[in-house]
Amino acid sequence: MGIFQFQPSPFCALDEVDAALDETNVGRLAELLHSLSKETQFLLVTHSKRMMHAADMIYGVTMQEPGVSKLVSVRIGHHEQQRATA
């Protein structure tokens, strides 16, 4: 994370970086990523509800019937409202 604070990249993909963290540290990581998101767009693979709650957009894959996958996307609106009032 220090590298991103020193020289931000326009894009970063992170896979299960929060898997080994407890809930408190998942929250801290979410806050850190949110603060860095002004310079960098993050794509994060996670199963953590707390990390998903912190996201602006969520994509998921579901299998409604055997062998048929479906992509689901949800735009989280509460972040736009929070940013507008901040």
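Here the residue numbers are simple positions, counted from 1 along each chain's written sequence. Confidence filtering applies because this is a predicted model: local features only for residues at pLDDT of at least 70, side-chain atom pairs given and counted only at 80 or more, and all residues used for totals across whole chains, interfaces and linings. Each side-chain value is derived from all of the structure's non-hydrogen atoms; neither hydrogens nor water enter the calculation.

J.: How do you make sense of the side chain of serine 48 when you look at a structure like this?
T.: Labels follow the DSSP assignment, with helices taken as runs of H or I lasting at least four residues and strands as runs of E lasting at least two, numbered in each case from the N terminus. Tracing the backbone shows serine 48 in the loop between strand E2 (41-45) and helix H3 (49-53). Think of it in three bands: residues with accessible area under 20% of the maximum for their type are buried, residues over 50% are exposed, and the middle band is partly exposed, with areas taken using a 1.4 Å probe on protein chains only. By relative accessible area, serine 48 is classed as buried at 13%. Definition of a polar contact: a pair of N or O atoms within 3.5 Å, with one able to donate and the other able to accept a hydrogen when the atoms are protein atoms, and with sequence-neighbouring residues admitted only if both atoms are side-chain atoms. From its side chain, serine 48 meets the backbone nitrogen of methionine 51 in a polar contact 3.3 Å long. Any two residues whose heavy atoms approach within 4.5 Å at even a single point are treated as in contact. Apart from residues no more than four positions distant in its own chain, serine 48 is found in contact with Asp18 and Val26.

J.: Got a minute to help me understand the nonpolar core in this structure?
T.: Where a protein is soluble and globular, its nonpolar side chains tend to be buried together. By size, the foremost hydrophobic cluster in this structure holds nine residues: Phe4, Cys12, Leu14, Val26, Leu29, Ala30, Leu33, Leu36 and Met51. Residue assignment for this core shows that the elements contributing at least two residues are strand E1 (11-15) and helix H2 (23-36). When residues no more than four places from it in sequence are discounted, the contact partners of alanine 30 are Met51 and Ala54. Side-chain atoms within 4.5 Å are what join buried Ala, Val, Leu, Ile, Met, Phe, Trp, Tyr and Cys residues into a set we call a nonpolar core.

J.: So what exactly am I meant to see when it comes to a nonpolar patch on the surface here?
T.: A grouping of Tyr59, Val61 and Leu71 is seen on the molecular surface, where their side chains present a nonpolar patch of about 380 Å² in accessible area. Structurally, leucine 71 is set in strand E4 (residues 68-75). In this structure leucine 71 comes out as exposed when scored by relative accessible area, which is 59%. Two joining distances apply to patches: 9 Å for like charges and 5 Å for nonpolar side chains (Val, Leu, Ile, Met, Phe, Trp, Tyr), and every residue must have over 30% relative accessible area and no salt bridge. Per-residue and other accessible areas follow the Shrake-Rupley method at a 1.4 Å probe size, with only the shown protein chains counted as cover for residues. Only one rule defines a salt bridge in this text: a Lys or Arg side-chain nitrogen within 4 Å of an Asp or Glu carboxyl oxygen.

J.: I tried to follow the environment of aspartate 15 on my own but got confused; where do I start?
T.: When you line up the elements, aspartate 15 lands in strand E1. Taking the relative accessible area as the measure of exposure, aspartate 15 reaches 56% and is therefore exposed. Distance from aspartate 15 to threonine 46, taken between C-alpha atoms, is 6.9 Å for residues 31 residues apart in sequence.

On their own, these measurements won't tell you what the molecule is for.
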